[in-house]
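Fold and geometry: a report
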Amino acid sequence: MTGQLIDGKAFAASLRERIAAAVPAFKEQAGRAPGLAVVLVGDDPASQVYVASKHKATIAAGMESFEHRLPEDTDQENLIALVEALNADDAVDGILVQLPLPGHLDEKAVVMAIDPDKDVDGLHVINAGRLANGEEALTPCTPLGSLMLLKDQLGDLTGMNAVVVGRSILVGKPMAQLLLGENCTVTMAHSRTRDLPAIVRGADIVVAAVGRAEMVKGDWLKEGAVVIDVGINRLAPEPGKERGRLVGDVATSEAVDHVRAITPVPGGVGPMTIAVLLRNTLVAASARAGLTKPKGL
Ligand code: NDP
């Protein structure tokens, strides 16, 4: 079997188009554009790149983008004061504090200060609890984007065996909750799991969110499985090259011989994250304005 490479870039582009197409109706009804505030503390180069691309994508979708760049030595009190000001600002529907924060700041306390109804990263315990209870929740962008790709491939996921490798608050745990919500039989695996290959072999759906280059081997996979590779790992540079290659948590070149479909790295799950952030912002804006959730999002 030669599996299909899932084009996350194209899917994300079409999602962004659908979001941009829904924004004018929101504007007309609410009398303003949806607004996303992004807070960046310090000058970590990777975070600067992420924040710049979020800003660009927000504007392109017809939304307001509010960027707050704070110096590296910002203290906890001032950061929380900014979050509280954004909570109180009616023009702001979504608040994202770019993580990781510099070491002297308490990330958990900062996330907990965000109004759960503006928590477009879905990291507040109220949103994790709503998701676990099967209620409407703002859900972390990467797992929600992964679920969209799975449903696009497979349609109804009812009754399928899904294995999620990794149990982080950002990816693994919300992914498992989303799959449970779709009536999958979900197994969560992690670093203490015994005989991971045997567990993965039973899965119709595999989501790998580990952070270990090409850990999941081709012969671990059931014939015809659909695989979502969330991992982003940079290999050591080859001789003469400045930067190493990006690879996922799955050995893609082996896996394609076994699977029905798999997300490549890069170009699979990665592009979905910002598209879902925009989706969450529009959903949060609609809820705050008392409007129904835009269809198809
Ligand atoms: P974390 O480091 O927070 O979690 C990794 C998880 O993998 C942990 O639960 C850990 O288990 C588990 N794990 C580690 N080693 C093994 C092993 N040998 N066997 C089985 N499980 C193992 O990572 P994240 O969830 O934040 O991210 C995972 C990957 O996804 C990373 O590569 C990250 O860069 C990428 N990522 C990509 C995004 C995107 O936009 N595409 C967004 C977010 C993340 P334990 O709990 O027991 O320690």
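Everything numeric here is computed off the predicted structure, so don't read it as measured data.

Reading guide: rules and limits
Residues numbered from 1 in each chain as written. Predicted model: local features only at pLDDT ≥ 70, side-chain atom pairs only at ≥ 80, totals over all residues. Heavy atoms only, no water. Pairing = 2+ DSSP bridges. Helix = DSSP H or I, 4+ residues; strand = E, 2+ residues; numbered from the N terminus. Contact = heavy atoms within 4.5 Å. Axes fitted to C-alpha atoms, helices over the stretch in contact; angles between N-to-C directions. Salt bridge = Lys/Arg side-chain N within 4 Å of Asp/Glu carboxyl O. Buried < 20%, exposed > 50% of the residue type's maximum accessible area, 1.4 Å probe, protein only.

Our focus in this paragraph is the sheet that holds strand β1 (residues 4-5). Pairing is parallel in the open sheet, where 6 strands are placed in the order β1-β11-β8-β7-β5-β6. Lying at the two open borders of the sheet, with one neighbouring strand each, are β1 and β6 (185-189). Alignment of strand β7 (residues 205-208) against strand β8 (residues 226-229), held across 4 bridges, turns out to be parallel. By the bridge assignment, Ile-205 is partnered in β8 with Val-226. On top of the sheet, helix α6 (residues 141-154) reaches β1, β7, β8 and β11 (261-262); it is set at about 160° to β8, its chief contact. Of the strands in this sheet, β5 (161-165), β6 and β7 touch helix α7 (residues 172-181), which is tilted by about 170° from β6.

To continue, consider the pattern of salt bridges. One pass over the full model with this rule turns up 8 salt bridges. One salt bridge connects Glu-136 with Lys-293, and the closest N-O pair in it is separated by 3.9 Å. Of this pair, Glu-136 sits in the loop between α5 (125-132) and α6 while Lys-293 sits in the segment after α10 (270-288), and the two are 157 residues apart along the sequence. Looking at Glu-136, the relative accessible area reads 62%, which means it is exposed. Residue class for Lys-293 comes out partly exposed when judged on its relative accessible area of 39%. Between Lys-151 and Glu-182 there is a salt bridge, with the nearest N and O atoms lying 3.2 Å from each other. Of the two residues, Lys-151 is situated in helix α6 and Glu-182 in the loop between α7 and β6; the sequence distance between them amounts to 31 residues.

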